[in-house]
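# Notes for the structure review
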Amino acid sequence: MAEAGRPGSRAFPELAKTWVPPHELRRLAAYKVLASYDNNQAGQLAAAGGDASALERRELGDAANLVDTALGYLLGSEQKVAVEGAEHANEETPTPGAAEAAAVQDRLRKWADKELLTFRVQQAERAAVLLGDSVMVLAWNPEKQRPTLRVYDPGFFFPQWDDEDEDFPSRVHLAWELPADDDAGLKARVRRVTYELGPISEDEPDGDAAATGGRQYPWEQGWTSNVTCYLTDAEWLLEDLKNGEALDRLPMDKATYRVRPDGTELNRLDLMIDFVPVIHIANTIPDGGEHWGRSILARVLQALDELAATDSDSSAASATTGTPIIGLAGARLPVDRATGKPQELQVKAGAVWQLGETGRMDALDTSPQLAELRARVDHLLERIAANSRVTAAGLGTLEATEVPSGYALKLALGPLDALIGMMRLAREHKYRLLFKMVQRLYQAGRAEGWAAGETLPARLAWAPHTPTDRGAVLEEVVKAYGAGVLSLETAVAMLLEAGYPIKDASQEVKRIRAKAEQEAAVRTAEAAARHGRDVDDEDQEEDDGSGAAGVRKPAGKVIEREPVEAGR
């Protein structure tokens, strides 16, 4: 990496290929260095760079553990597609557009299930956390009648920026090398898939749009556009490429274009959309004027090297501690009968050595050095946890006895909360862009149920990354909802964010309201029944003829009285 001209060329000779753009070499070399740490091969990489002693380096998976831990906190327990306004669809007086938002949310969630969105997100996010970047590509599949989502190695991603101030590149290359296959008779090739925005050509099947002033896309009713996205998928033989013919300047006269199953050649194929369906996810918020993210390992690579070196020294010290170096004086060494030379003594259980009158045995004690090395390992792990902001509590190296209270644990997790908040903020806009593209591809494909119109804003909702006090949240929700300061929808959303097993907030609201209505009906029926019994009892209260009112007669029983004598 220290070679400014061709970084990594000694360790990665494949980067010296003629088709790789020179300004991309440093980024590609950095990806390979980070991947070597993740696969416990940093020592082999250093050896390939000229450090022969690095082959003895012991790497025990600390880098991979840091990546997986940060990835787990980033993703949380689950991710859901959420469309703004859908949570109000089941209210007694839903807001305008809430029913449409709920329908779009339901269709997007069905698409996410079919396309294994959770699995794809895991693929993309691990690459982003480890390498700093990841790439996802959408494409319309006519057979499945839905957009498909694929994840690519960021080392295959080569955006072409016409202006550094642009938010998105107008042309993107996905390129990688295909090895030779002697059995199939195939030579080494380079494949390049290009997405490019350009004016609608009159030679296209919809070329009349260019003549009439533009094309009306379903998501922009009443607005005409003369821009479309072209797809080109071609291959070149490596032997046909010369020096100076980099990725963006490959000779098109030597290209072999790929063909779709329906026989369409993928040479500037009009995709009938006005955007590039490629999403680049950066692990961190890029600096001004930059587009690339930073790996979670970037700031602690030196500490990981120190940790591997300390582990190596600790292993060597443990060998001399378990099998110490012993010095003997005045010992009678056994003689090999075949050679007549003294035999080498071995330190093992049950060994007996004969010593003379002045004999002496001294053992080299290396246990203090071993204890010091183990303490240094703990110190380095604490530095790695602190400098990466994953924290010792996040890595699980913090002893439970060192946390006096839950509030102290929350303070200890403060840097981790800030780290995950920053990482999720860096992804917020990209996932909104992903779901916008999914809706527009459905509209462009004229899929059933997707009418023309403006696409609705959707996002990826993350679960909490750390455990929450669900009892406290429940008490707060009950008090606030009972006091009327929270709506039922907001209360259920708070319980959902706290980790309660609620699959769908809108359905949960429906069930709660249905149960409340059922209980209200039961209470009304009971009240009516009690009122009816009271009326019957009042009807059975009659005057006994003596002027005394309010004499109660038992229901269903006739009370007979003696006739009153005349004159009395």
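The sections below set out a description of the structure shown in this document.

Conventions we followed
- Throughout this description, residue numbers start from 1 for each chain and increase along the sequence as written.
- At least 70 in pLDDT is required for a residue's local features to be given in this predicted model, at least 80 for side-chain atom pairs to be given and counted, and no such filter applies to totals for whole chains, interfaces and linings, which use all residues.
- The side-chain figures draw on all heavy atoms in the structure; neither hydrogens nor water molecules are used.
- For this analysis, a nonpolar core means a set of buried residues of the types Ala, Val, Leu, Ile, Met, Phe, Trp, Tyr and Cys, connected via side-chain atoms within 4.5 Å.
- Using a 1.4 Å probe on the protein chains alone, a residue whose accessible area is under 20% of its type maximum counts as buried, one over 50% counts as exposed, and one in between counts as partly exposed.
- Strands are runs of DSSP state E lasting at least two residues, helices are runs of H or I lasting at least four, and both sets are numbered from the N terminus onward.
- Contacts between residues were defined by any pair of non-hydrogen atoms, one from each residue, lying within 4.5 Å.
- Here the rule is simple: two strands pair whenever DSSP picks up at least two bridges between them.
- Centre distance within 6.5 Å is the pairing criterion for rings of Phe, Tyr and Trp, where only the six-membered ring of Trp is used; planes under 30 degrees apart are then read as stacked, over 60 as edge-to-face, and the remainder as tilted.
- Angles run from 0 to 180 degrees between N-to-C directions of axes, and those axes are lines fitted to C-alpha atoms, restricted for helices to the stretch in contact.
- Working rule for angles: under 35 degrees goes down as roughly parallel, over 145 as roughly antiparallel, 65 to 115 as roughly perpendicular, anything else as oblique.
- Two helices cross in a left-handed way if the nearer one is turned anticlockwise from the farther one by less than a right angle. They cross in a right-handed way if the turn is clockwise.
- The term salt bridge refers to a pairing of a side-chain nitrogen on Lys or Arg with a carboxyl oxygen on Asp or Glu at a separation within 4 Å.
- Residue polarity follows a fixed list, in which Ala, Val, Leu, Ile, Met, Phe, Trp, Tyr, Cys and Pro are nonpolar, Asp, Glu, Lys and Arg are charged, and the others, Gly among them, are polar.
- Think of it as the arc spanned by the lines of direction from the helix axis to the C-beta atoms.

### Quick notes on the nonpolar core
Counting 99 residues, the largest nonpolar core has Trp-19, Leu-117, Leu-297 and Leu-434 as the members making the most contacts within it. With 12 residues, helix α11 (residues 414–444) is the single largest residue contributor to this core. Setting aside residues no more than four positions away along its own chain, Leu-297 makes contact with Leu-34, Tyr-37, Ala-63, Leu-66, Val-67, Leu-130 and Leu-304. By size, the runner-up hydrophobic cluster in this structure holds 9 residues, among which are Leu-488, Ala-491, Val-492 and Ala-498.

### A look at the pairing of strand β1 (residues 79–83)
Counting buried residues in β1 gives 5 out of 5 residues, a clear majority hidden from the surface. Here β1 shows no split at all, with Gln-79, Val-81 and Val-83 on one side and Lys-80 and Ala-82 on the other all buried. The pairing of β1 with strand β15 (residues 458–462) spans 5 bridges and is classified as antiparallel. Note on β15: the bridge partner recorded for Val-83 is Ala-458.

### What to know about the environment of Pro-21
Positionally, Pro-21 belongs in the segment before α1 (25–38). With relative accessibility at 5%, the residue Pro-21 sits in the buried group. Residues Pro-21 and Phe-158, 137 residues apart in the sequence, show an inter-C-alpha distance of 9.0 Å. Those residues in contact with Pro-21, other than ones at most four positions away along the chain, are Phe-158, Ala-246 and Leu-247.

### Things to note about the packing of aromatic side chains
Throughout the structure, instances matching the rule amount to 9 aromatic pairs. Measuring from centroid to centroid gives 6.4 Å for Trp-19 and Phe-158, while their planes differ by 75°, and the two rings are edge-to-face. Highlighted residues: Trp-19 in the segment before α1 and Phe-158 in strand β4 (residues 157–160), separated in sequence by 139 residues. Comparing Trp-19 with Phe-158, the two get one shared label, buried.

### Section: the packing of helix α3 (residues 62–75) against helix α5 (residues 117–131)
Between α3 and α5, the least distance of the axes is 10 Å, while the angle of their chain directions is 130°. As judged from the angle between their axes, α3 and α5 are oblique. α3 and α5 meet at a crossing whose hand is right-handed. Taking contact as the criterion, the partners of Ala-64, Val-67, Asp-68, Ala-70, Leu-71, Leu-74 and Leu-75 in α3 are, on α5, Val-121, Gln-122, Glu-125, Arg-126, Val-129 and Leu-130.

### Considering the sheet that holds strand β3 (residues 146–152)
Note on sheets: strands pair through backbone hydrogen bonds, and any given pair is parallel or antiparallel. Pairing is antiparallel across the open sheet formed by 3 strands, whose spatial order is β3-β2-β12. Only two strands of the sheet have a single partner each, and these edge strands are β3 and β12 (278–282). If you compare each strand with its neighbour and ignore which way they point, the axes differ by 25° on average. Note that strand β2 (residues 133–141) and β12 share 5 bridges and pair antiparallel. The partner of Met-136 across the bridge, within β12, is Ile-279.

### Describing the environment of Glu-166
Its location among the elements puts Glu-166 in the loop between β4 and β5 (171–178). With a relative accessible area of 27%, Glu-166 lands in the partly exposed category. On a C-alpha basis, the gap between Glu-166 and Gly-289 in space is 10.0 Å, while along the polypeptide they are 123 residues apart. Here Glu-166 is in contact with Trp-161 and His-291, once residues within four sequence places are set aside.

### A word on the pattern of salt bridges
On inspection of all chains with the given rule, the structure shows 21 salt bridges. Across the pair Lys-187 and Glu-239 runs a salt bridge whose closest N-O atoms are separated by 2.9 Å. One end of the pair, Lys-187, is in the loop between β5 and β6 (189–199); the other, Glu-239, is in the loop between β9 (227–237) and β10 (256–257), and 52 residues separate them in sequence. A salt bridge links Asp-233 to Arg-191; its shortest N-O distance comes to 2.6 Å. Residue Asp-233 is found in strand β9, and its partner Arg-191 is found in strand β6; the two are separated by 42 residues along the sequence. Since its relative accessible area comes to 17%, Arg-191 is described here as buried. Through salt bridges with shared partners, a single network forms among Asp-38, Asp-68 and Arg-126.

### A short note on the pairing of β6
Most of β6 is tucked away, with 8 of its 11 residues classed as buried. Bridging between β5 and β6 involves 8 bridges; their strand directions are antiparallel. By the bridge assignment, Leu-178 is partnered in β6 with Arg-189. When β6 meets β9, the two strands line up antiparallel, connected through 11 bridges. Across the sheet, Val-190 pairs through a bridge with Trp-236, a residue of β9.

### A closer look at the packing of α5 against α11
The interhelical angle for the contact between α5 and α11, taken along N-to-C directions, is 135°, at an axis separation of 13 Å. When the interaxial angle is binned, α5 and α11 end up oblique. When the axes of α5 and α11 are compared, the crossing they make is right-handed. Residue-level contacts link Leu-117, Val-121, Glu-125, Ala-128 and Val-129 of α5 to Met-423, Arg-427, Tyr-431, Leu-434 and Phe-435 of α11. Each residue belonging to the contact of α5 with α11 can be placed in one class, and the counts come to 8 nonpolar, no polar and 2 charged.

### Brief notes about helix α13 (residues 488–497)
Residues spaced three or four apart along an α-helix face the same direction, because each turn holds 3.6 residues. All buried positions along α13 are accounted for by Leu-488, Glu-489, Ala-491, Val-492 and Leu-495. Along the long axis of α13, the arc covered by the buried residues comes to 165°, so they all point the same way.

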